[in-house]
Amino acid sequence: EIQEREEPQTKEQLAIVGDLMRSISLVQYYPEHSTLEEVARDFNANWTTAVSMLTDDVYLGGENWNNLYVLRRNTKATTEEVRCRLDTVGEFHLGEMVNK
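Just so it is clear, the structure is predicted and the values come from calculations on it, not from any experiment. (Residues numbered from 1 in each chain as written. Predicted model: local features only at pLDDT ≥ 70, side-chain atom pairs only at ≥ 80, totals over all residues. Heavy atoms only, no water.)

A few words on the overall build of the chain. Per the secondary structure count, the chain includes one helix and eight strands. For the chain, the α and β elements follow one another from N to C terminus as β-β-β-β-β-β-β-α-β. With 100 residues in all, the chain has 28% of them scored as buried. Carbon and sulfur atoms make up 51% of the accessible area of the chain, which totals about 6500 Å². (Helix = DSSP H or I, 4+ residues; strand = E, 2+ residues; numbered from the N terminus. Buried < 20%, exposed > 50% of the residue type's maximum accessible area, 1.4 Å probe, protein only. Areas by Shrake-Rupley, 256 points an atom, 1.4 Å probe, with all protein chains shown as cover.)

Given below as structure tokens:
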């Protein structure tokens, strides 16, 4: 999924990527260079089967152990180390595999 976010001087074009072994990554598209760059990711080893962008900074993932998890990007953090990390803010055992 891709969403655009209006900033005072820039317009971010963001997408989330679900990787079966690396969880969720947030990438930004730079049209002037036709490139994608990873700007944040979940450092937990979730075997992701489905992803959805709920808001610009909140993302929903489904994983192969029949769980859903919610990640949040902290864009107001003062350090780059914290801004590049997606934090787990919710987990739910669904009991069924989600793959869409």
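Anyway, onward from the coordinates.
Here the focus is the sheet that holds strand E7 (residues 67–73). Here four strands make up an open sheet; going across it, the order is E5-E6-E7-E8 and the pairing antiparallel. In the strand order of this sheet, the two ends are held by strand E5 (48–53) and strand E8 (86–93), each with one partner. Mean inter-strand twist for the sheet, computed between neighbouring axes without regard to direction, equals 25°. (Pairing = 2+ DSSP bridges. Axes fitted to C-alpha atoms, helices over the stretch in contact; angles between N-to-C directions.)

Looking now at the nonpolar core. Judged by nonpolar contacts, Leu 14, Ile 16, Ile 24, Leu 26, Val 39, Ala 40, Met 53, Tyr 59, Tyr 69, Leu 71 and Leu 86 together constitute the single largest core of eleven residues. Looking at this core, the elements with two or more residues in it are strand E2 (11–19), strand E3 (23–30), strand E4 (35–41) and E7. For Leu 86, the residues in contact, after removing those within four places along its chain, are Ile 24, Ala 40, Arg 41, Asp 42, Tyr 59, Leu 71, Arg 72 and Arg 73. (Core = buried A, V, L, I, M, F, W, Y, C linked by side-chain atoms within 4.5 Å. Contact = heavy atoms within 4.5 Å.)

Residue position: Asn 67 is located in strand E7. Between the alpha carbons of Asn 67 and Phe 92 there is a distance of 5.6 Å; along the sequence they are 25 residues apart. Dropping the residues within four chain positions of it, Asn 67 is found in contact with Gly 61, Gly 62, Phe 92, His 93 and Leu 94. Among the polar contacts listed, one links the side chain of Asn 67 to the backbone oxygen of Trp 65, at a separation of 3.3 Å. Reaching out from Asn 67, the side chain makes a polar contact with the side chain of His 93 at a distance of 2.7 Å. (Polar contact = N/O pair within 3.5 Å; in protein donor to acceptor, adjacent residues only side chain to side chain.)

Turning our eyes to something else, we now look at the pattern of salt bridges. If you walk through the whole model with that rule in mind, you get five salt bridges. Here Arg 22 makes a salt bridge to Glu 38, at a shortest N to O gap of 3.8 Å. One end of the pair, Arg 22, is in the loop between E2 and E3; the other, Glu 38, is in strand E4, and 16 residues separate them in sequence. Judged by relative accessible area, which is 40%, Arg 22 ranks as partly exposed. (Salt bridge = Lys/Arg side-chain N within 4 Å of Asp/Glu carboxyl O.)

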